[in-house]
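# Architecture and fold: a report
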Amino acid sequence: MEGQRAADDLALRLDELAAGLTDPDCDLDDLAKIEEELIAVQRRELIPHLERHLAAAVEAGNWYARHVLARILAETADHTSLAALLQT
């Protein structure tokens, strides 16, 4: 139960990061902290969420969000998300 709660909290942090990456007034230092947090935990349960946010960033033409999300995905998923990374 606690593992699921941790995964849910991390998914919320990812959503917070993705929202911040679309906000030009967002504090980049805060976003960098979330980015490093998500890289450090490397929770594979986040892969589908990361792929969705990455696809949205690519579609929106948001190169910075694309860079940040692709980095987290690459560190978390290794080769399992290669197709999503190649589309970036």
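Keep in mind the model is a prediction, meaning the values are calculated, not measured.

This model, assessed by the stated rule, comprises five salt bridges. The residue Arg71 makes a salt bridge to Glu36 at a minimum N-O spacing of 2.9 Å. Placement of the pair is Arg71 in helix H4 (residues 63-77) and Glu36 in helix H2 (residues 28-41), with a sequence separation of 35 residues. Residue classification places Glu36 among the partly exposed positions, given a relative accessible area of 40%. Within the structure, one salt-bridge network assembled from shared partners comprises Arg13, Glu16 and Glu37.

What follows covers H4. Here H4 spans 20 Å end to end across 15 residues, near enough to the 21 Å set by a 1.5 Å rise per residue. All buried positions along H4 are accounted for by Ala65, Val68, Leu69, Ala70, Ile72, Leu73, Thr76 and Ala77. Backbone nitrogen of Tyr64 and a side-chain oxygen of the N-cap are separated by 3.3 Å at the start of H4; the cap is Asn62.

The rules behind these values
- Residues numbered from 1 in each chain as written.
- Predicted model: local features only at pLDDT ≥ 70, side-chain atom pairs only at ≥ 80, totals over all residues.
- Heavy atoms only, no water.
- Salt bridge = Lys/Arg side-chain N within 4 Å of Asp/Glu carboxyl O.
- Helix = DSSP H or I, 4+ residues; strand = E, 2+ residues; numbered from the N terminus.
- Buried < 20%, exposed > 50% of the residue type's maximum accessible area, 1.4 Å probe, protein only.
- Expected span 1.5 Å × (residues − 1).
- Polar contact = N/O pair within 3.5 Å; in protein donor to acceptor, adjacent residues only side chain to side chain.

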